[in-house]
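Structural features, examined
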Amino acid sequence: MILETERLILRPWCDDDAPDLYIYASDPDIGPPAGWPPHTSVENSREIIRTVLSAPETYAVCLKDSRRDKLTFLGRICLFQNRSKSRQKRVCIGFHRNDLAQTDDEYELGYWIGKPFWGRGLIPEASREMLRYAFEDLGMNRIWGGYYDGNEKSRRVQEKLGFVYQRKTEGIEVSLLGEVRTGHSNLMTRERWQKVELFRKQKKLLDTFLQNGAIAQAQYDKSFGDLRDLMEMHGVE
């Protein structure tokens, strides 16, 4: 499966991704906030591609670049479920807990992006496509998001997407780092996602009308203000 957005290609991993993966995943500011250690070598990255990143619904995030034949790799995104029958056991699959999605109609969303690409809205863009794919193509009803205390970038991504805060959980064992942390859980339901997408489409339509001269700035400001108020009422940015 290959998914596409305006700026990105989401595709399966391959062994040839190992050198690029190592460049970003060896950065100590990438893995540890999400619960996994920095990669130690290209071979270590290649082994992780084969053992972890080969899981279903796990994608390399690549930036479209018309100036180059090769897509620019920048991070990872995935959907996963908890296959453990015990809710007491917290399992780490390499970068997030996977104890949130407990039933067949729900997934947990996970992601990370290399530091050179921070602040460009790329992971929210990739995540919106993953949410669309999960709800429309896979028939899911709920998508969970989780982050550990201090991981403000991950928290902010989920806020931008419109996830709703659910709970705080203390005493989570982060086995790959030998730590115990506090985690936070957010939820996106199918119904809420439909509302979020409707608001986003209405905002995009207003922007198009303004750019094409179909409406004046004053009319745009009023319409956008009304839409923003409605979005805030529903907790959507």
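Residues numbered from 1 in each chain as written. Predicted model: local features only at pLDDT ≥ 70, side-chain atom pairs only at ≥ 80, totals over all residues. Heavy atoms only, no water.

**Section: the environment of Asp149**
Topologically, Asp149 is positioned in the loop between β6 (142-148) and α4 (152-161). For Asp149, a relative accessible area of 47% translates into the label partly exposed. For the pair Asp149 and Gly183, spaced 34 residues apart in sequence, the C-alpha separation works out to 5.9 Å. When sequence neighbours within four positions are dropped, the list of residues in contact with Asp149 reads Thr182 and His184. (Helix = DSSP H or I, 4+ residues; strand = E, 2+ residues; numbered from the N terminus. Buried < 20%, exposed > 50% of the residue type's maximum accessible area, 1.4 Å probe, protein only. Contact = heavy atoms within 4.5 Å.)

**Focus: the side chain of Thr5**
Structurally, Thr5 is set in the loop between β1 (3-4) and β2 (8-11). In contact with Thr5, other than residues within four places in its own chain, are Lys64, Glu125 and Glu129.

**Overview of the pattern of salt bridges**
If you walk through the whole model with that rule in mind, you get 17 salt bridges. Notably, a salt bridge pairs Asp105 with Arg142, separated by 2.8 Å at the nearest N-O pair. With a gap of 37 residues between them, Asp105 in the loop between β4 (72-80) and β5 (106-113) and Arg142 in strand β6 connect regions that are remote in the sequence. With a relative accessible area of 21%, Asp105 lands in the partly exposed category. Among the salt bridges present, the one from Glu129 reaches Arg132, with a minimum N-O distance of 2.9 Å. Note that Glu129 and Arg132 are positioned in helix α3 (residues 122-137) at a spacing of three residues, about one turn of the helix. (Salt bridge = Lys/Arg side-chain N within 4 Å of Asp/Glu carboxyl O.)

**Remarks on α3**
Given a rise of 1.5 Å per residue, 16 residues ought to cover 22 Å, and the 22 Å separating the end C-alpha atoms of α3 matches this to within 8%. Across the 16 residues that make up α3, a large majority, twelve, are buried. If you check which residues of α3 are buried, you get Leu122, Ile123, Pro124, Glu125, Ala126, Ser127, Glu129, Met130, Leu131, Tyr133, Ala134 and Phe135. Gly139 lies just past α3 and shows a positive phi near 75°. (Expected span 1.5 Å × (residues − 1).)

**Comments concerning unusual backbone geometry**
Notably, Glu57 is not glycine yet its phi reads approximately 60°, a positive angle. Structurally, Glu57 is set in the loop between α2 (42-51) and β3 (58-63). Classification of Glu57 by relative accessible area gives buried; the value is 17%.

**Some remarks on the packing of α3 against helix α5 (residues 190-211)**
Closest axis-to-axis distance for the α3/α5 pair is 11 Å, and the angle between their directions is 130°. Considering their axes alone, α3 and α5 lie oblique with respect to each other. In terms of crossing hand, the pair formed by α3 and α5 is left-handed. Residue-level inspection shows Arg128, Leu131, Arg132, Phe135 and Glu136 of α3 in contact with α5, the latter providing Arg190, Trp193 and Arg200. (Axes fitted to C-alpha atoms, helices over the stretch in contact; angles between N-to-C directions. Parallel < 35°, antiparallel > 145°, perpendicular 65-115°, else oblique. Left-handed = near helix turned anticlockwise from the far one by under 90°.)

**Some words on the packing of aromatic side chains**
This structure, assessed with the given rule, holds six aromatic pairs. Members of the aromatic cluster, joined through ring pairs, are Trp13, Tyr24, Trp36, Phe73, Trp112 and Phe117. One Lys or Arg, Arg181, reaches over the ring of Tyr148 and ends 5.0 Å from the middle of that ring. (Phe/Tyr/Trp six-rings, centres within 6.5 Å; stacked < 30°, edge-to-face > 60°. Lys NZ or Arg CZ within 6 Å of the ring centre and 35° of its normal.)

**Describing the pairing of β5**
Two faces, one strand: in a regular strand the side chains alternate between the faces of the sheet. Within β5, eight of the eight residues are buried, which leaves the element mostly enclosed by the surrounding structure. Side chains Glu106, Glu108, Gly110 and Trp112 project from β5 onto one buried face, and the interleaved Tyr107, Leu109, Tyr111 and Ile113 project onto a second face that is buried too. Pairing of β4 with β5 involves six bridges; the strand directions are antiparallel. By the bridge assignment for β5, Leu79 is matched with Leu109. Bridge count for β5 against β6 is four bridges, and the pairing is parallel. Paired with Leu109 across the bridge in β6 is Gly145. Read from β5 through α3 to β6, the crossover connection turns out right-handed. (Pairing = 2+ DSSP bridges. Right-handed = clockwise from strand over helix to strand, strands pointing away.)

**Things to note about the sheet that holds β2**
Strands belonging to one sheet form pairs held by backbone hydrogen bonds; the direction of such a pair is parallel or antiparallel. Reading across the sheet, the eight strands line up as β1-β2-β3-β4-β5-β6-β8-β7 and stay open at both edges, with mixed pairing between neighbours. Both outer strands of the open sheet, β1 and β7 (164-174), are each paired with one neighbouring strand and no more. With eight bridges connecting them, β7 and strand β8 (residues 179-189) associate as antiparallel partners. In the sheet register, Tyr165 faces β8, and the bridge partner there is Asn186. Strands in contact with α4 are β5, β6 and β8; relative to β6, the strand with the most contacts, it is inclined by about 150°.

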